[in-house]
Amino acid sequence: MHDTQPIPFDYVPPEGPLQVLHVDDHVIVVVKPCGLLSVTGRGEDRQDSLVTRLAAQISGARIVHRLDLDTSGVMVLARNAGSHRRLSMQFERRETDKAYVARVWGLVLEQSGEVNLPLIVDWPNRPKQKICFEDGRPARTLWRVLRHEDDTTLMQLEPVTGRSHQLRVHMLSLGHPIVGDSLYAEGVARSFSARLELHARDLAFTHPVTGARLAFHAPAPF
């Protein structure tokens, strides 16, 4: 029985219209801004979300996968039950291709590698996650250095699995937290940026009706 309370946060979602990359009768592809919930949260002050905003302009928007509140980037939503089921299955079977960009604190000296560390919710400190070899769920991330800038490294991250906060915890495990991370970074790494510098740059999936392979790209805003 877990009776701890999650870490509170002030929800101040960004204003302005959503960037919609693609709409047809079956799918919607959109860029979620940093600071906007993917779905509505608990409480009257957390009803504004990507789904509610899309529902106001496009009928039938159904969430297939999520991005953290502080993560920006490309998301796909379904417009009907059949498309939702087929898209959800692609994510479950790891048939989608995803690439993120992150700025981490410090200079990563190796050019590429992977992190393979199991994750579980850190109940006393939720929504934080932690590495746990006994009860954690398998989590694997491929990474590659893009370039060094001052005291930071710009990285391309490819999550093989899709655990909550996976990229954030895995980068922390390397000793290079993502800058601006209010949950996992400390000191100058946290204060370096006003936002979490993690962005879902690329997403590719198979159209649930036509079978065509679709790929979408949104450059990182940092």
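Right above here is the structure, for reference.
None of these values were measured; they are calculated from a predicted model.

**Thoughts on the packing of aromatic side chains**
Then, in step 1: Considering all chains together, one arrives at two aromatic pairs under this definition.
Then, in step 2: Summarising the aromatic geometry, the rings of phenylalanine 205 and phenylalanine 216 are spaced 6.0 Å apart at their centres and angled 20° between planes, so their arrangement reads as stacked. With phenylalanine 205 in strand β11 (residues 198-206) and phenylalanine 216 in strand β12 (residues 213-217), this pair connects stretches of sequence that are 11 residues apart.
Then, in step 3: Under the relative-accessibility criterion, phenylalanine 205 is labelled buried at 0%.

**Points about the pairing of β12**
Then, in step 1: Of the two faces of β12, only one is covered, namely that formed by Leu214 and Phe216; the face formed by Arg213, Ala215 and His217 stays uncovered.
Then, in step 2: Note: β11 against β12, five bridges, orientation antiparallel. Within the sheet, the bridge partner assigned to aspartate 202 lies in β12 and is histidine 217.
Then, in step 3: The hairpin formed by β11 and β12 contains six residues between the paired strands, and glycine 211 there has a positive phi angle of roughly 80°.

**Focus on the environment of serine 191**
Then, in step 1: Positionally, serine 191 belongs in helix α4 (residues 187-191).
Then, in step 2: The sequence separation of serine 191 and phenylalanine 222 amounts to 31 residues, and the corresponding C-alpha distance is 15 Å.

What counts, and where the lines are drawn
Residues numbered from 1 in each chain as written. Predicted model: local features only at pLDDT ≥ 70, side-chain atom pairs only at ≥ 80, totals over all residues. Heavy atoms only, no water. Phe/Tyr/Trp six-rings, centres within 6.5 Å; stacked < 30°, edge-to-face > 60°. Helix = DSSP H or I, 4+ residues; strand = E, 2+ residues; numbered from the N terminus. Buried < 20%, exposed > 50% of the residue type's maximum accessible area, 1.4 Å probe, protein only. Pairing = 2+ DSSP bridges.

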